[in-house]
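Each chain is listed here by its residues.
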Amino acid sequence: MLLAGCGIRFDPAVYLAARRSLLTVLPAAGAGIRMLGDLAPIPGRIGWNALVAVGLLFLLAAYDRPLLAAAKRYRTDRIRSELVAISSQLLYYAGSRLHLHGKLMRCMPYARLIRGELHMLLNEWYHDADAALVRFKDRLGTSEAYGFAETIRSLRLGESEEIYHLLREMVREYKAKIEMARAGRKEPASYGLFVLAGIPILYTFQIFLYPWVQEAQKLFDALNS
């Protein structure tokens, strides 16, 4: 699910095997580069760059889960925003005599990240719409895509005011999640700004006030003695 949420379509077993192989091979490669640097006249910059590259690859392989989770959150936010735009456009066509396929075609300009997946869905639509919707949500790999695909399936079976009401509720829910995600990103940023603002105060204390504190401490020690 984590790989699918990042848009990575590798077999999880192959991915995990490659990850374990990297975690085994990279330390040996780093040790080999160090040994070659000691035995052969390799330029220092080349050896250093190779060691840095091996170290970065090892860190990426060792801490891949947090990186994948962050990439999934970023991709999910973008997909959610595009699904809101597409769903809002579908609501605009409520009551129109256009076929659902035609309505989705007119929503294509609102898709950027999921344009390829939406294009494949529309190409596979008349062959088997249900199977095309299943492949669409599997390719996107997010819960929002599952909800959107099921709503489209209901609209395909029969458009009604109840289904459009569900679509409006879905749009409101996704918009609320977008606002929550924005608020969540602003909070760490505000903490970072608070820390950055405190650095000059710390330096001011260290440069100007700390010597006076030391002198006062010496005076108190002299009086107590």
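Each value, and the rule that gives it
- Residues numbered from 1 in each chain as written.
- Predicted model: local features only at pLDDT ≥ 70, side-chain atom pairs only at ≥ 80, totals over all residues.
- Heavy atoms only, no water.
- Helix = DSSP H or I, 4+ residues; strand = E, 2+ residues; numbered from the N terminus.
- Buried < 20%, exposed > 50% of the residue type's maximum accessible area, 1.4 Å probe, protein only.
- Contact = heavy atoms within 4.5 Å.
- Areas by Shrake-Rupley, 256 points an atom, 1.4 Å probe, with all protein chains shown as cover.
- Core = buried A, V, L, I, M, F, W, Y, C linked by side-chain atoms within 4.5 Å.
- Phe/Tyr/Trp six-rings, centres within 6.5 Å; stacked < 30°, edge-to-face > 60°.
- Salt bridge = Lys/Arg side-chain N within 4 Å of Asp/Glu carboxyl O.
- Axes fitted to C-alpha atoms, helices over the stretch in contact; angles between N-to-C directions.
- Parallel < 35°, antiparallel > 145°, perpendicular 65-115°, else oblique.
- Left-handed = near helix turned anticlockwise from the far one by under 90°.
- Nonpolar A, V, L, I, M, F, W, Y, C, P; charged D, E, K, R; others polar.

Trainee: Just give me the short version of the overall build of the protein chain, but keep the residues and values in it.
Mentor: From N to C terminus, the protein chain includes 9 helices and 0 strands. When the helices and strands of the protein chain are read in sequence order from the N terminus, they spell out α-α-α-α-α-α-α-α-α. Looking at the protein chain as a whole, 28% of its 225 residues qualify as buried. Intrachain contacts of the protein chain at a sequence separation of at least 6 include 62% that bridge at least 24 residues. Accessible surface for the protein chain amounts to roughly 15200 Å². Of this, 66% is attributable to carbon and sulfur atoms.

Trainee: If you had to explain the nonpolar core to someone new, which residues and values would you point to?
Mentor: Ranked by internal contacts, the top residues of the largest apolar core, which has 33 residues, are Leu90, Trp125, Phe148 and Ile152. Of all the elements in the fold, those that place two or more residues in this core are helix H4 (64–92), helix H5 (100–106), helix H6 (115–124), helix H7 (129–140), helix H8 (143–157) and helix H9 (161–224). Among the elements that line this core, the one with the most residues is H9, at 7 residues. The contact partners of Trp125, leaving out residues within four places of it in the chain, are His99, Leu100, His101, Leu104, Ala132, Leu133, Ile152 and Arg156.

Trainee: Which residues make up H6, and what values do they have?
Mentor: Burial in H6 covers these residues: Glu117, Leu118, Leu121, Leu122 and Glu124. Lining the buried residues of H6 we find H4, H5 and H7.

Trainee: Give a detailed account of the packing of aromatic side chains, specifying residues and quantitative values.
Mentor: Using the criterion set out here, one finds 2 aromatic pairs in the structure. Note on Phe136 and Phe148: the rings are 6.2 Å apart at their centroids and 55 degrees apart in plane angle, and the pair reads as tilted. Of this pair, Phe136 sits in helix H7 while Phe148 sits in helix H8, placing them 12 residues apart in sequence. Under the relative-accessibility criterion, Phe148 is labelled buried at 2%.

Trainee: How would you sum up the pattern of salt bridges? Please name residues and give values.
Mentor: Any two side chains of opposite charge can pair if their charged atoms end up close together. Here the structure, examined in full by the defined rule, presents 14 salt bridges. A salt bridge links Glu150 to Lys137; the nearest nitrogen and oxygen atoms lie 2.8 Å apart. With Glu150 in helix H8 and Lys137 in helix H7, this residue pair connects regions lying 13 residues apart in the sequence. Take Glu150: its relative accessible area is 34%, and that puts it in the partly exposed class.

Trainee: How would you summarise the environment of Gly7 if you had to cite specific residues and measurements?
Mentor: Relative to the helices and strands, Gly7 is located in the loop between helix H1 (2–5) and helix H2 (12–39). The partly exposed category is assigned to Gly7, whose relative accessible area is 25%. Separated by 132 residues in sequence, Gly7 and Arg139 place their C-alpha atoms 7.2 Å apart.

Trainee: Can you tell me about the packing of H7 against H8, naming the residues and giving the values?
Mentor: Taken N-terminus to C-terminus, the directions of H7 and H8 make an angle of 165 degrees; their axes are 9 Å apart at the nearest point. Classified by the angle their axes make, H7 and H8 are roughly antiparallel. Crossing of H7 over H8 shows right-handed handedness. Where H7 abuts H8, its residues Ala129, Asp130, Leu133, Val134, Phe136, Lys137, Asp138 and Leu140 lie against Ala145, Tyr146, Phe148, Ala149, Glu150, Ile152, Arg153 and Arg156. Along the lines of polarity and charge, the residues of the contact of H7 with H8 split into 10 nonpolar, no polar and 6 charged.

Trainee: Tell me about the packing of H4 against H8, and name the residues and values.
Mentor: Direction vectors running N to C along H4 and H8 enclose 20 degrees, while the axes themselves pass 10 Å from each other. Of the possible angle classes, the one that applies to H4 and H8 is roughly parallel. H4 and H8 meet at a crossing whose hand is left-handed. In this structure, H4 contributes Thr76, Arg80, Leu83, Ile86, Ser87 and Leu90 to the contact, and H8 contributes Glu144, Ala145, Phe148 and Ile152. Counted by class, the contact of H4 with H8 contains 6 nonpolar, 2 polar and 2 charged residues.

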